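One-letter residues, chain by chain:
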Amino acid sequence: MSSAFSYSDQSESVRHLLVLPDRDAAGEAADEASERFGLDVEPQIVREALAGEDDAEDAQWLVVLEDPNGELDAAALRELAEEYDGWLEVG
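Residues numbered from 1 in each chain as written. Predicted model: local features only at pLDDT ≥ 70, side-chain atom pairs only at ≥ 80, totals over all residues. Heavy atoms only, no water.

> Looking at this structure, how should I read the nonpolar core?
Among the nonpolar cores identified, the biggest contains 16 residues, and L18, L20, V63, L65, L77 and Y84 are the most heavily contacted of them. Contributions of two or more residues to this core are made by strand 1 (14-20), helix 1 (23-37), strand 3 (59-67) and helix 2 (74-83). It is helix 1 that contributes the most residues to this core, five residues altogether. What Y84 contacts, discounting residues up to four positions off in sequence, is L20, P21, A25, E28, A29 and E32. (Core = buried A, V, L, I, M, F, W, Y, C linked by side-chain atoms within 4.5 Å. Buried < 20%, exposed > 50% of the residue type's maximum accessible area, 1.4 Å probe, protein only. Helix = DSSP H or I, 4+ residues; strand = E, 2+ residues; numbered from the N terminus. Contact = heavy atoms within 4.5 Å.)

> Please explain the pattern of salt bridges as it appears in this structure.
When the charged atoms of two side chains lie near each other, side chains of opposite charge can form a pair. If you walk through the whole model with that rule in mind, you get three salt bridges. Salt-bridge contacts for R15 lead to E66; the nearest nitrogen and oxygen are separated by 2.7 Å. Note that R15 is positioned in strand 1 and E66 in strand 3, a separation of 51 residues in sequence. Given the relative accessible area of 33%, E66 is considered partly exposed. Between E83 and R36 there is a salt bridge, with the nearest N and O atoms lying 2.6 Å from each other. In this pair, E83 sits in helix 2 while R36 sits in helix 1, placing the two residues 47 residues apart along the sequence. For R36, a relative accessible area of 36% gives the class partly exposed. When salt bridges that share partners are traced, they join E32, R36 and E83 into one network. (Salt bridge = Lys/Arg side-chain N within 4 Å of Asp/Glu carboxyl O.)

> Mind showing me how you'd approach helix 1 here?
Helical geometry: 3.6 residues make up each α-helical turn, so side chains three or four residues apart lie on a common side. Its 15 residues place the ends of helix 1 21 Å apart at the C-alpha level, agreeing with the 21 Å of an ideal helix rising 1.5 Å per residue. Where helix 1 is buried, its residues meet strand 1, strand 2 (44-49), strand 3 and helix 2. Downstream of helix 1 by a residue or two, G38 has a phi angle that is positive, lying close to 55°. (Expected span 1.5 Å × (residues − 1).)

> I'm lost on the sheet that holds strand 3 in this one. Help?
By way of backbone hydrogen bonds, the strands of a sheet pair with one another, either parallel or antiparallel. A sheet is described by the order of its strands in space; here four strands give the open sequence 2-3-1-4, paired in antiparallel fashion. Across the chains shown, the open sheet's two edge strands, defined by having one partner strand only, are strand 2 and strand 4 (87-90). Across the sheet, the mean angle from the axis of one strand to that of its neighbour is 30°, orientation sign disregarded. For strand 1 and strand 3, the ladder comprises seven bridges, and the chain directions are antiparallel. Counterpart to R15 in the pairing with strand 3 is E66. Its contacts with the sheet put helix 1 on strand 1, strand 2 and strand 3, and the angle it makes with strand 3 is roughly 15°. (Pairing = 2+ DSSP bridges. Axes fitted to C-alpha atoms, helices over the stretch in contact; angles between N-to-C directions.)

Right under this line is the structure:
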């Protein structure tokens with residue numbers, strides 16, 4: 001009996017988000033991520049206002065890391081985010 005599904009060793013694309021407190025921390029973390037992990041695609045820096053907040057100071061900065069093969073080490077990314085008083089989310 002044959003299966004209609006085929007399995008491959010390819011990993012799925014993952015988007016990692018480093019959530020950081022300010023623009024400076026996001027810029028430094030993005031630069032550091034590129035160096036540490038030898039990224040092919042430059043991380044994007046995005047400002048995200050907190051839900052329900054209109055004040056410009058109430059914003060988080062995200063460093064978006066595309067991981068097309070799901071190869072980046074989440075523990076190492078978490079460590080990097082924590083070095084800049086942030087945290088890691090996987091999207």
